[in-house]
Amino acid sequence: MPEMIFRVRWPNGQESDCYSPSLVIREHFTPGQDYPVREFLEKADTALTDASERVRARYGFACSRALGQLQAIRQMGEPFLTRPDALVRVLSFKF
């Protein structure tokens, strides 16, 4: 399966490289686009769960790395959930 990295900038200016075992991320995010934190977390949940399920369909087991990435994204985003103006920017995709 083609893997990809999507780079994001958090509301505090910190940037992170996030892993996906599938290109499905492209269906949920657009490089250069800002997302309210809650929306970003919801989209990340859907996208990385879908990516993990694609691995399951192909190999018979979920992708623990995708699920671990999702947990890391949730932890990074949680402190910003109380700030309705906080945005996460998807910077780029790397294939």
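No experiment lies behind these values; they were computed from the predicted model shown. (Residues numbered from 1 in each chain as written. Predicted model: local features only at pLDDT ≥ 70, side-chain atom pairs only at ≥ 80, totals over all residues. Heavy atoms only, no water.)

Q: What is the right way to read the sheet that holds strand E4 (residues 87-94) from this model?
A: Pairing between the strands of a sheet is mediated by backbone hydrogen bonds and can be parallel or antiparallel. Ordered by their spatial adjacency, 4 strands build an open sheet running E2-E1-E4-E3, and the pairing between neighbours is antiparallel. Both outer strands of the open sheet, strand E2 (15-20) and strand E3 (34-36), are each paired with one neighbouring strand and no more. Across the sheet, the mean angle separating the axes of adjacent strands is 35 degrees when strand polarity is ignored. Direction of pairing for E3 relative to E4: antiparallel, over a ladder of 3 bridges. Across the sheet, Pro-36 pairs through a bridge with Leu-87, a residue of E4. On the sheet, helix H2 (residues 64-77) packs against strand E1 (4-9) and E2 and is oriented at approximately 150 degrees with respect to E2. (Pairing = 2+ DSSP bridges. Helix = DSSP H or I, 4+ residues; strand = E, 2+ residues; numbered from the N terminus. Axes fitted to C-alpha atoms, helices over the stretch in contact; angles between N-to-C directions. Contact = heavy atoms within 4.5 Å.)

Q: Help me out: how do you make sense of the pairing of E4 in this one?
A: Look at any regular strand and the pattern is simple: side chains alternate between the two faces of the sheet. Bridge count between E1 and E4: 5 bridges; the pairing is antiparallel. Bridging from a neighbouring strand, Ile-5 pairs with Lys-94 of E4.

Q: Would you mind showing me how to read the side chain of His-28 here?
A: In this structure, His-28 sits in the loop between E2 and E3. In this structure, His-28 is in contact with Tyr-35, Lys-43, Thr-46, Ala-47 and Asp-50, ignoring residues within four places of it in sequence.

Q: Explain the environment of Ala-47 to me, please; I cannot follow it from the model alone.
A: Looking at the element boundaries, Ala-47 is found in helix H1 (residues 37-59). Spatially, the C-alpha atom of Ala-47 lies 8.6 Å from that of Ser-20, the residues being 27 residues apart in sequence. Not counting residues within four places of it along the chain, the set of residues in contact with Ala-47 comprises Val-24, Ile-25 and His-28.

Q: Sorry, what's going on with the nonpolar core here?
A: Soluble, globular proteins show a tendency: their nonpolar side chains are buried together. Within the largest apolar cluster, 25 residues are counted, with the highest numbers of intra-cluster contacts made by Phe-6, Val-8, Ile-25, Phe-29, Phe-40 and Ile-73. Put simply, the parts of the chain that give this core at least two residues each are E1, E2, H1, H2 and E4. When neighbours within four sequence positions are excluded, Phe-6 is seen to be in contact with Ser-16, Asp-17, Cys-18, Tyr-19, Ser-20, Ile-25, Phe-29, Phe-40, Ile-73, Ser-92 and Phe-93. (Core = buried A, V, L, I, M, F, W, Y, C linked by side-chain atoms within 4.5 Å. Buried < 20%, exposed > 50% of the residue type's maximum accessible area, 1.4 Å probe, protein only.)

Q: Help me understand the environment of Leu-48 in this model?
A: Structurally, the position occupied by Leu-48 is in helix H1. A relative accessible area of 0% places Leu-48 in the buried class. The spacing of Leu-48 and Ile-25 is 23 residues in sequence and 7.4 Å in space, taken between C-alpha atoms.

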